[in-house]
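Fold and geometry: a report
Read off the chains here:
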Amino acid sequence: MYSRLDSSLGSEPEKLLFFTYFARLRSELGEHLPALIPQVYLHYDPYTIRQLGGVQRLTRQRMDFLFLFSNYQRVVIEVDGKQHYSNGDQASPQKYAEMVAADRSLRLAGYEIYRFGGYELRGEPGKELVDEFFRSLLRKHGVALR
């Protein structure tokens, strides 16, 4: 399963985030480590299906990563490359506006959203950032850390 999840990751920054999460926290939390699920489509989130009740789906369908905590807290983590805010090498205010509008819709549907710039997720400083972020996120959601 681990190798199948690896093959779904679309970029080096996504891989750094995914593998650092498991490398830094798996030994500490063992079976209590919440699943970090890459490349999730909203229409496969059973809670979202019930919540939408047949109404039109949200604009953005794919999330880079999803956490489903046991009490229906849903956390989306996005790793943004330039495709999120530009057309090629040209900044696109329209693309950026579409992205933040989609974030608002996700928040209204009950998701927490956290974004990383792909540039942040490089080398050892990126691993440290990921470690600190996930420790803070897990504490916020009541996951006991050693």
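Everything in this summary refers to the structure shown in the same document. Since the model is a prediction, treat every value here as computed from it, not as a measurement.

1. Quick look at the packing of aromatic side chains
- All told, the structure shown has eleven aromatic pairs when counted by the stated rule.
- Consider the rings of Phe18 and Phe22, whose centres lie 5.0 Å apart with planes at 65°: the pair is edge-to-face. Of this pair, Phe18 and Phe22 both sit in helix α2 (residues 12-29), four residues apart, which is roughly one turn of the helix.
- You can call Phe18 buried: its relative accessible area is 0%.
- With a centroid separation of 5.3 Å and 65° between ring planes, the pair formed by Tyr114 and Phe133 is classed as edge-to-face. Of this pair, Tyr114 sits in strand β6 (residues 111-117) while Phe133 sits in helix α5 (residues 123-140), and the two are 19 residues apart along the sequence.

2. With respect to the sheet that holds β6
- The strand order across the open sheet formed by four strands is β1-β2-β3-β6, and the pairing between neighbours is mixed. The open sheet has two free edges, formed respectively by β1 (37-41) and β6, since each of these has just one partner strand. Here the strands of the sheet are splayed against their neighbours by 40° on average, with no regard to which way each runs.
- Against the sheet, α5 engages β2 (62-68), β3 (74-80) and β6, with an angle of about 170° to β6.

3. Structural notes on the side chain of Asp64
- Relative to the elements of secondary structure, Asp64 occurs in strand β2.
- Given the relative accessible area of 1%, Asp64 is considered buried.
- If sequence neighbours within four positions are ignored, Asp64 has contacts with Glu14, Ile37, Pro38, Gln39, Ile77, Glu78 and Val79.

Rules behind the numbers
- Residues numbered from 1 in each chain as written.
- Predicted model: local features only at pLDDT ≥ 70, side-chain atom pairs only at ≥ 80, totals over all residues.
- Heavy atoms only, no water.
- Phe/Tyr/Trp six-rings, centres within 6.5 Å; stacked < 30°, edge-to-face > 60°.
- Helix = DSSP H or I, 4+ residues; strand = E, 2+ residues; numbered from the N terminus.
- Buried < 20%, exposed > 50% of the residue type's maximum accessible area, 1.4 Å probe, protein only.
- Pairing = 2+ DSSP bridges.
- Axes fitted to C-alpha atoms, helices over the stretch in contact; angles between N-to-C directions.
- Contact = heavy atoms within 4.5 Å.

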